[in-house]
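Chain and residue survey
So the chains spell out like this:
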Amino acid sequence: MRNIWGFLIQTLEVSLLAILLLILKHLLKDKLSPRWQYGIWSILILSILLPAGLFGTYLIPLLDVFIEAVKTICESHLHSSYTQAYVAVINTSVFPYFTSFPSSITDVLFVIYAAGILSGMIKYLKDYLSLKKLLHKAEPVNERVKKQIGDVAHRYQLSPCKAVVVEGLSSAFVFGIFKPVLVLPQEEIDDKILLHELLHVRYKDSLQNVIWSILKCLHWCNPFLHYVFHTISNDLEALCDQRVLEHIQGEERRDYGRILLAMTNEKYPHAFATTSISNGAGQIKKRIEAITRFKKYPKGMGLVSVCIGILLLPLVLGSGSSVTMIEANTSDFGQQLSLASTRLMTMPSVAGAIDYYAKGLLTNNDAYIMAVMPSSLQSEYLSVLDDLPEVSISYPNEALYRVLNLKETADHVIEGFLVFTDDSNDFITSTYVPIKLTKEIGWKVQQNGKVEQYELDRSDPFSQIRNIHWDAPAYGTYHMELENGETDISVHRTYIVQNETDYFNMGFYSTKPNANAIFERSYQTMKIKYTYTGDDFDYYRIESAMVDKADKDVVRYPTCPQNPCTFIGSDGSIRAYAIDENWDRTIEMYHTSDVHESSSEIEMGLPDIFDYRVRINWETVEEVILDLKEDHYE
């Protein structure tokens, strides 16, 4: 938690869960046992210790969007050290930490909040040490009381503990976590009070009191949660009452109620790391009413309680509203809500982020662009939106756009190109938009250089192989010095993002982006140019072939079906023909490899290793194994 806004989201989320639990407890008050009434608060512990929105959703619909919008309005006029106006607030911890000195009013508020936590912890520690010192000087109980404690422990199969007497004490309590001490008043003590306190010892209720006190410190400035923690403490005492009543019978239960009634006063011991049978007049009356309704619950109700707890877990895990894009309205705050909703959207996949950016360009939808805009550009988003390139396609076919030559250039940084093709004219025009993806909470996309346009001549079949513009930047280029010549290879990798059909738009593919999109398929296209530098021949019949070697032990090259011939196989793997002595000693061929398996990763299993062969007049003059990944050949 890095700023006051993160705390605000956290405490509001915890408060709503507490309200829901209080309502549920009230509705099921007489239906389920005090064990369940207290045990259900364990869900609140998870809510306090897990950062709000950890799983991408919130219990309060659009809570984070509202807070984000308010934060942006407030922080845009400040120069805070802990908060950036246009960077989304996302909690990764429930404990505050600082990266610098405060420089604004919201920073100071956050420091005050953190100081309050520290102050509360120090106060608890001080109280604990003071009470420990006081009890260290207290007198041990006499032999009669010691024997009484031992008899009660033996009768109910409990473990006795050290006991001391404190003058002026109104009721008994247990102090300590690892070595508990039973603290008794000077007056004669009833066995049932000893039973109550020994049950506190058995179930380590003092440790639970410590846990709740520490959690209370994290929300010290939320008065509603103070009430909730007080209720939890009372539920713990009610649970202990239930355990006592399960150990005693008949008239003893009525006597136990009369003992509690005698403790009806507003003064009762309540300190850090302690448990006390007395917890105030109002709560004593409620506990006596519970005693009159006492019953032993069937064993099956325990299973029912567990099932209810499991059903409530989604409340903690955030099964409520996830962030959705809000359309802007004419009001200033409405626009801030819309911008906040886009900043809070996270793209879990590379393909999803690309889909938002590409369709934002296609449809001129600024919200789509904002959803994947890096946080470093958010403060100047208007100029970024003004500088976006204009792109168009001839019709919304399957591809809509293509993604070319994605390559990881650093940790969590991927660079490549978006390609938008318009083939409605004599020339096929493609717009290449260089992009860079960076990983923040989710993937972000930005333009990464100058936009270029390339044209293909529709009449040249070889220039249209997979609509690749060979003058455009390639995934990789390779030069090989061979035995009888040299080869230059240009490699392009194309990815197609999964798209949905828009049945309300003549069956064309949808222009609505998908944050969870994946790469539906990919293909690799290679252009190989071989230049022969060996001995002359009287007659040249040139055959150039390349195949994906993969894991095959034996490579079968494709053959030319006739002589002379010009032929490109179904995989674009061969071009062979016969020419005369005026041949310029170069030959070009193309090779493609397709992968149709869907993937969320850019490494989709495209082949890296190839066998390449050149034959002249049926005599092999070159044969090499090329490893694109290792940039190596042999």
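These figures come from a predicted structure and were not determined experimentally.

**Here's the deal with a nonpolar patch on the surface**
Where nonpolar side chains cluster on the molecular surface, the patch consists of Ile105, Val108, Leu109, Ile112 and Trp220 and spans about 430 Å² of accessible area. In this structure, Trp220 sits in the loop between α8 (205-218) and α9 (223-247).

**Re the pairing of strand β5 (residues 181-184)**
Every second residue of β5 is oriented toward a common face, with Val181 and Val183 on one face and Leu182 and Leu184 on the other, all of them buried. Pairing of strand β3 (residues 162-165) with β5, which is carried by 4 bridges, proceeds in the parallel orientation. Residue pairing in the sheet places Val164 in a bridge with Val183 of β5. In this structure, strand β4 (residues 173-175) lies alongside β5, joined through 3 bridges in antiparallel fashion. Among the inter-strand pairings, Phe173 is bridged to a residue of β5, identified as Val183. Counting the residues between successive antiparallel strands, the hairpin from β4 to β5 contains 5 residues, one of them, Gly176, with a positive phi of roughly 110°.

**Digging into the packing of α9 against helix α10 (residues 250-262)**
Packing of α9 against α10 leaves a shortest axis separation of 10 Å and a crossing angle of 145°. Contacts from Asp241, Val244 and Leu245 of α9 reach α10 at Arg253, Tyr256 and Leu260. Partitioning the contact of α9 with α10 into residue classes produces 4 nonpolar, no polar and 2 charged.

**Regarding the packing of aromatic side chains**
Counted according to the given criterion, the structure contains 17 aromatic pairs. With centroids separated by 5.8 Å and ring planes inclined at 70°, the aromatic side chains of Phe66 and Phe333 adopt a geometry described as edge-to-face. With Phe66 in helix α4 (residues 63-75) and Phe333 in helix α13 (residues 332-343), this pair connects stretches of sequence that are 267 residues apart. Exposure remark for Phe66: the relative accessible area of 43% places this residue in the partly exposed category. Classification of Phe333 by relative accessible area gives partly exposed; the value is 30%.

**Observations concerning the environment of Thr83**
Among the secondary structure elements, Thr83 is positioned in the loop between α4 and α5 (105-137). Looking at Thr83, the relative accessible area reads 7%, which means it is buried. Taking C-alpha positions, Thr83 is 9.7 Å from Gly6, a pair spaced 77 residues apart along the chain. The contacts of Thr83, once residues within four sequence positions are left out, are Asn3, Trp5, Lys71, Glu75 and Asp107.

**Some thoughts on the nonpolar core**
Trp41, Leu44, Val183, Val228 and Ile232 are the most contacted members of the largest nonpolar core, which totals 53 residues. With 9 residues, the single largest contributor to this core is helix α1 (residues 4-27). Beyond its immediate chain neighbours, meaning those up to four positions away, Val228 contacts Ala18, Leu22, Trp41 and Leu44. In this structure, Ala351, Ala371, Leu418 and Val445 belong to the second largest nonpolar core, which totals 41 residues.

**Examining helix α6 (residues 143-155)**
Its 13 residues place the ends of α6 18 Å apart at the C-alpha level, agreeing with the 18 Å of an ideal helix rising 1.5 Å per residue. Every buried residue of α6 is accounted for by Val145, Gln148, Ile149, Val152 and Ala153. Taken end-on, α6 shows its buried residues confined to a sector of 130°, consistent with a single buried face. Every exposed residue of α6 that faces more than 90 degrees away from the buried side is listed here: Glu143, Arg144, Lys146, Lys147 and His154. Considering only its buried residues, α6 is in contact with β3, β5 and α7 (191-202). For α6, the N-terminal capping position is held by Asn142, with its side-chain oxygen 3.2 Å away from the main-chain nitrogen of Arg144.

**A short note on α5**
A rise of 1.5 Å per residue sets the reference length of α5, with its 33 residues, at 48 Å; its end C-alpha atoms lie 48 Å apart and thus fit the reference within 8%. Among the residues of α5, those classed as buried are Thr106, Asp107, Phe110, Tyr113, Ala114, Gly116, Ile117, Gly120, Tyr124, Tyr128, Leu131 and Leu135.

**Quick word on the sheet that holds β3**
With mixed pairing, 5 strands are arranged side by side in an open sheet as β2-β3-β5-β4-β6. The strands lining the two open edges of the sheet, one partner per strand, are β2 (139-140) and β6 (274-276). Sheet topology places β4 next to β6; 3 bridges connect them, and they run antiparallel. Looking at β6, one finds that Phe173 is bridged to Ser276.

**A short note on the pattern of salt bridges**
Inspection of every chain in the model, using the stated rule, returns 13 salt bridges. A salt bridge links Arg35 to Glu246, with the shortest nitrogen-to-oxygen separation between them at 2.8 Å. Of this pair, Arg35 sits in helix α2 (residues 34-39) while Glu246 sits in helix α9, placing them 211 residues apart in sequence. In this structure Glu246 comes out as partly exposed when scored by relative accessible area, which is 24%.

**A short note on the pairing of strand β20 (residues 619-627)**
The sheet contact formed by strand β19 (residues 609-616) and β20 spans 8 bridges and is antiparallel. Across the sheet, the residue bridging to Ile616 is Glu619, located in β20. Remark: 2 residues form the turn of the hairpin made by β19 and β20, two consecutive strands paired antiparallel; Asn617 in that turn has positive phi of roughly 55°.

**Brief notes about unusual backbone geometry**
Of note, Asn364 is a non-glycine position whose phi angle comes to about 55°, a positive value. The residue Asn364 is located in the loop between α14 (350-363) and α15 (366-371) in this model. Of note, His412 is a non-glycine position whose phi angle comes to about 60°, a positive value. By the secondary structure assignment, His412 is in the loop between β8 (402-410) and β9 (413-422). By relative accessible area, which is 47% here, His412 ends up partly exposed.

**Considerations on the packing of α5 against α8**
The N-to-C vectors of α5 and α8 enclose an angle of 155°; their axes lie 8 Å apart at closest approach. Accordingly, the angle class assigned to the pair α5 and α8 is roughly antiparallel. The two elements α5 and α8 cross, and the hand of that crossing is right-handed. Here Tyr113, Ile117, Gly120, Met121 and Tyr124 of α5 lie close against α8, whose contacting residues are Ser213, Ile214, Lys216, Cys217 and Leu218. Class assignment for the residues of the contact of α5 with α8 results in 7 nonpolar, 2 polar and 1 charged.

**Things to note about a negative patch on the surface**
A contiguous patch of negative charge, built from Glu408, Asp411, Glu601 and Glu603, is present on the exposed surface. Within the secondary structure, Glu408 sits in strand β8.

Thresholds, definitions, all that
- Residues numbered from 1 in each chain as written.
- Predicted model: local features only at pLDDT ≥ 70, side-chain atom pairs only at ≥ 80, totals over all residues.
- Heavy atoms only, no water.
- Patch = residues over 30% accessible without salt bridge, like charges linked within 9 Å, V, L, I, M, F, W, Y side chains within 5 Å.
- Areas by Shrake-Rupley, 256 points an atom, 1.4 Å probe, with all protein chains shown as cover.
- Salt bridge = Lys/Arg side-chain N within 4 Å of Asp/Glu carboxyl O.
- Helix = DSSP H or I, 4+ residues; strand = E, 2+ residues; numbered from the N terminus.
- Buried < 20%, exposed > 50% of the residue type's maximum accessible area, 1.4 Å probe, protein only.
- Pairing = 2+ DSSP bridges.
- Axes fitted to C-alpha atoms, helices over the stretch in contact; angles between N-to-C directions.
- Contact = heavy atoms within 4.5 Å.
- Nonpolar A, V, L, I, M, F, W, Y, C, P; charged D, E, K, R; others polar.
- Phe/Tyr/Trp six-rings, centres within 6.5 Å; stacked < 30°, edge-to-face > 60°.
- Core = buried A, V, L, I, M, F, W, Y, C linked by side-chain atoms within 4.5 Å.
- Expected span 1.5 Å × (residues − 1).
- Arc of directions from axis to C-beta.
- Polar contact = N/O pair within 3.5 Å; in protein donor to acceptor, adjacent residues only side chain to side chain.
- Parallel < 35°, antiparallel > 145°, perpendicular 65-115°, else oblique.
- Left-handed = near helix turned anticlockwise from the far one by under 90°.
- Lys, Arg positive; Asp, Glu negative; His and termini not counted.
- Charge placed at Lys NZ, Arg CZ, Asp CG, Glu CD.

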